[in-house]
Amino acid sequence: MSNILHPNLNFKEPTLDVRGKPNKRWRSAFAAIYSARALYSLLNQKKEKRRKLPVPSNNSHCYCEGEKLRPTSPIWFGGIEGVVGALETDIKNGIGGAVQDVALRREAFGSNTYQRPRAKRLTQFLVTASKNHTVSLLLFAALSLGFGIKEHGLKEGWYDGGSIFVAVILAISVSAVSNFRQNRLFETLSKVSSNINVEVIRDGHRQQISIFEIVVGDVVCLIIGDQVPADGLLLDGHSLKVDESCLTGESEHVEINSRHNPFLFSGTKVVGGYAQMLVTSVGMNTTWGELMSTISRNINEQTPLQARLNKLTSSIGKAGLAVAFLVVVALLVRYFTGNTENEKGNQEFIGRSTKVDDMVNSMVRIIATAVTIGLVAIPEGLPLAVAVILSYSMNRMMADQAMVRKLSACETMGSATTICTDKTGTLTLNQMKVTKFLLGKSHVDDSSSISKNLLNLIRQGIALNTSGSNYRATSVSTLLEFSGSPTEKAILSWAVQELDNMKMETLKKNCTILHVEAFNSEKKRSGVSIRSKADNTIHVHWKGAAEIILAMCSSYYDASGSTNDMDDNERTIFEQIIEGMAASSLRCLALAHTQIPDDQEEHDIGAGPPQKLIKEDSLSLIGLVGIKDPCRLGVRKAVEDCQSAGVSVRMITGDNVFTARAIATECRILRPDQDMNDESVVKGEVFRNYTQDERMEKVDKIRVMARSSPFDKLLMVQCLKQKGHVVAVTRDGTNDAPSLKEADIGLCMGIRGTKVAKESSDIIILDDSFVSIATVLGWGRCVYNNIQKIIQLKLTVIIAALVINVVAAVLDHEIPFTVLKLLWVNLIMDTLGALALAIEQPTKDLMEKPPVSLSTQPLITNIMWKNILVQALYQIVVILILQFSGESILGVNKKVKDTMILNTSVLCQVFNQVNARKLEKKNVFKGMHKNKLFLGIIGITIILKAIVVESLSKFADTERLSLGQWGACMGIAVLSLPIGWVVKCIHV
């Protein structure tokens, strides 16, 4: 497609060059048609606005019929230069960047945002929440309302049914609002995740802006791992390859170059090289924008723990319904055999003499009793409680520099048994500085001691073999700023300051770049071949990992500029120098050079394939550069905390094995006295070459993997998972996506992480620090622990209420907990009780326990069963005593007795919440004074209960209590605390 954008201003009939592979023809055709139409439509937009853009007057139409491509009336815009001129931008300096200019471009061409499907409204969540057993409750409420009015008249008969209606509506509202807020939280996190920074050139200066602020005409800088932020044209770049699978489904990477295929599409990802692109379409005017407008994020994700809870809830509900059925049978048998009495003490069923109205009322009462027993056994509050815990934890984790992308990661992180972390920026600060430079074998402190010719070669090797650059932040600024990776910025900054004020722009003007091999994590090197304009000679420069570059060299330069042959002895000396620098925690890079003889001079880049190889053997070593990257504060303690929690920390890095060992020792991943030959440190290549059996045998011993490739990382994760580990992986690069997806929990770095890596991750660490990863581990365990607390509390309520109602129904023909009372109890316990336990934060105790296996360990442990059964037994005994003998023991009437039973039951649950704070520890009050929200919720629960008893007696079917009666209820309930302490002294 060499004539897609012709370099002159004449319109020209296109000739599609499809001489490549057959399966690329349709891609070339698509690029030609789509880009031409997009350019024309954009240049033709808003022509009535104040800003007039020169566009051709006739129309352009391109379409496909079957497999036949037929462009008609094509219009070309004078090549890339013509498009640049039409968009009133500049290839080198970009747009002006003035507020008015940016606003006009956004008005004319649109903003770089996508129209997403509308978020669910609160009413939709209300409808969803009302589907869970609510219809049956409302039907029962309607029946209760009807029979109540029939028996007691309209004035007082509506209380029971009306109160049930109110309780049901409140329960639905609480559930709907909780889910609605969780939905909004996901929407917010999605926007934060999408709002990535992009480097653009405006007014001649590089600057970071939000992807949403890009406008047509912007010049965007792209490097490996970037997502192409908009549709555009390649202006300048080297070895650029993109992954277009998101648009085309083709896994093969597409090469982008200025002559054959200059088109870049929004949403695609840079997998090789670097470039600058001109933005021609943004937002909804791109194919990616149209695609994204139809996609919404799945916020109804069900986590593994939620699935287990749903199964538990279903099992308990079925058991409750079975018990309810048996109770109905028993009550019907008692009724029809004449063993039941009415309120006056007369036999209820007396054969044919029984009135139909009385029989119907008795049947309704029996069915109501069964419904109540069935409702007791349905733990509807559990799913809501889990949603509350996950939502709260996600908010708190966000405050602790961790953004959750997948809900399941909250739970899985608590079960992690090993963390595979990278080094740079996670364990270290990623603030690199050159601290040592060796020219040949000699340390250099001053560039004046270096010969002029050699100094020029060093400058060339640094200034031209880089993906970074330097610039002034403003036109009046005197200080240079640097862009690129931290390593590139460190080297450029050192070269400008120490190498006699190196001027990158001057060096670039004096040379022509022929070929570039961009740095990647597999080869760990970058190279460039250049032609000097002064003498027309061709030079090759390489830069990269010291031992890799050293292996490519056969000679070395000394300070005078002379070259010396490198024999085995000399090579050994250089290897020892590199090992010494690495042992000092320095990242060691090497610079190498060679000049191409005239008789081996390469062809011009335009005449051959753009991926021609650069000479990579028989080089001359120029020097070694040592870069220091200090460890982060708090990393050592975070690593030790993880290790004390039973979580192994493994460092997987691309650095030299000696540098890796030094940093790992400093961070306490390795012990200072650890044996050098204990197989805890291994090179990626060695691990890769092991047999499968050898890898499985040695993987548990490995703590550091140096000089690793992305494949080595993936292999390590796979081996650990096969050994039964739950693996968390922290990575930041494009090539790390496979290992992030393979891991049980993928942790991506928020600052250094590429868009590709972030999309493959489960949690994004916003500050890139390992300290935050240890915090996430604590939160993961806290989520699981809080859910267990709520399960313990809820099952205690269910078992106690179920047994009490069954026994009372069979023996006394009357149950203490009516539907109305149960609804109020559940409303208080499912919302306030769950919230009180959901807001418990990670404690040191959690980080002293071994990881919990979600797949093998039971959700309800033996310790939990012990706590549940003892507390439930206490409540059963107390309530049944009050039910059968309360009137005589307390000297009160039946209504006061029923109120005291309800009051005692609720207060028992309140104090049981305090017990549930610690599943195993005896001191349940530890740290409670710091949790003001927990204390506040306990207080609100008691106040609400007092209001229900004292002020809403008619609605709640209760009687006002005296202070003495309140004291009796409180005294009985508070005994739950010492009973809990005694139970925890019993080991199971």
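Rules and cut-offs
Residues numbered from 1 in each chain as written. Predicted model: local features only at pLDDT ≥ 70, side-chain atom pairs only at ≥ 80, totals over all residues. Heavy atoms only, no water. pLDDT = per-residue confidence, 0-100. Helix = DSSP H or I, 4+ residues; strand = E, 2+ residues; numbered from the N terminus. Contact = heavy atoms within 4.5 Å. Patch = residues over 30% accessible without salt bridge, like charges linked within 9 Å, V, L, I, M, F, W, Y side chains within 5 Å. Areas by Shrake-Rupley, 256 points an atom, 1.4 Å probe, with all protein chains shown as cover. Salt bridge = Lys/Arg side-chain N within 4 Å of Asp/Glu carboxyl O. Buried < 20%, exposed > 50% of the residue type's maximum accessible area, 1.4 Å probe, protein only. Expected span 1.5 Å × (residues − 1). Axes fitted to C-alpha atoms, helices over the stretch in contact; angles between N-to-C directions. Parallel < 35°, antiparallel > 145°, perpendicular 65-115°, else oblique. Left-handed = near helix turned anticlockwise from the far one by under 90°. Nonpolar A, V, L, I, M, F, W, Y, C, P; charged D, E, K, R; others polar.

Novice: Before we move on, can you summarise the confidence of the model for the protein with the specific residues and values?
Specialist: Per-residue pLDDT for the protein has a mean of 80; in total, 80% of the residues score no lower than 70. Here strand S2 (residues 68–72) stands out as the least confident element of the protein, with mean pLDDT 29; strand S19 (residues 553–557) is the most confident, with 95. Across residues 45–75 the pLDDT falls below 50, and counting only partners more than four positions away or on other chains, this stretch makes 58 contacts in the model. In this model, residues 602–612 is a region of pLDDT below 50 whose contacts with residues beyond four sequence positions or in other chains number 14 contacts.

Novice: Which residues make up a nonpolar patch on the surface, and what are the values?
Specialist: There is a patch of nonpolar side chains on the surface, built from Leu-873, Val-877, Ile-881, Ile-889 and Leu-890 and spanning about 440 Å² of accessible area. Relative to the elements of secondary structure, Leu-873 occurs in helix H27 (residues 862–890).

Novice: Describe the pattern of salt bridges, naming the residues involved and giving the relevant values.
Specialist: Note that side chains of opposite charge can pair when their charged atoms are close. Under the definition given, this model contains 25 salt bridges. The closest approach of N and O atoms between Lys-441 and Glu-570, which form a salt bridge, is 2.7 Å. Taken as a pair, Lys-441 in the loop between strand S12 (433–439) and strand S13 (442–443) and Glu-570 in helix H17 (residues 568–583) lie far apart in primary sequence, 129 residues in all. The exposure class of Glu-570 is buried, given its relative accessible area of 18%.

Novice: Could you give an account of the environment of Ala-743, naming the residues involved and the relevant values?
Specialist: With respect to the helices, strands and loops of the structure, Ala-743 is situated in the loop between helix H23 (737–742) and strand S27 (745–749). Relative accessible area serves as the criterion here: at 7%, Ala-743 is assigned to the buried category. Sequence separation between Ala-743 and Leu-714 is 29 residues, and the spatial gap between their C-alpha atoms is 8.5 Å. Those residues in contact with Ala-743 that lie beyond four places of it in its chain are Val-717, Val-727 and Val-729.

Novice: Can you break down helix H14 (residues 486–498) residue by residue, with the values?
Specialist: Taking 1.5 Å as the rise per residue, H14 with 13 residues should run 18 Å; its terminal C-alpha atoms sit 18 Å apart, in good agreement. Buried residues of H14: Thr-487, Glu-488, Ala-490, Ile-491, Leu-492, Ser-493, Trp-494, Ala-495 and Val-496, and no others. Where H14 ends, the next residue or the one after it, Asp-500, has phi of about 55 degrees, a positive value.

Novice: Could you give an account of the packing of helix H18 (residues 635–644) against helix H25 (residues 770–812), naming the residues involved and the relevant values?
Specialist: Between H18 and H25, the least distance of the axes is 8 Å, while the angle of their chain directions is 30 degrees. On the basis of the axis angle, H18 is roughly parallel to H25. Note that H18 runs across H25; the crossing there is left-handed. Where H18 abuts H25, its residues Val-635, Ala-638, Val-639 and Cys-642 lie against Phe-770, Val-771, Ala-774 and Leu-777. In terms of residue class, the contact of H18 with H25 is built from 8 nonpolar, no polar and no charged.

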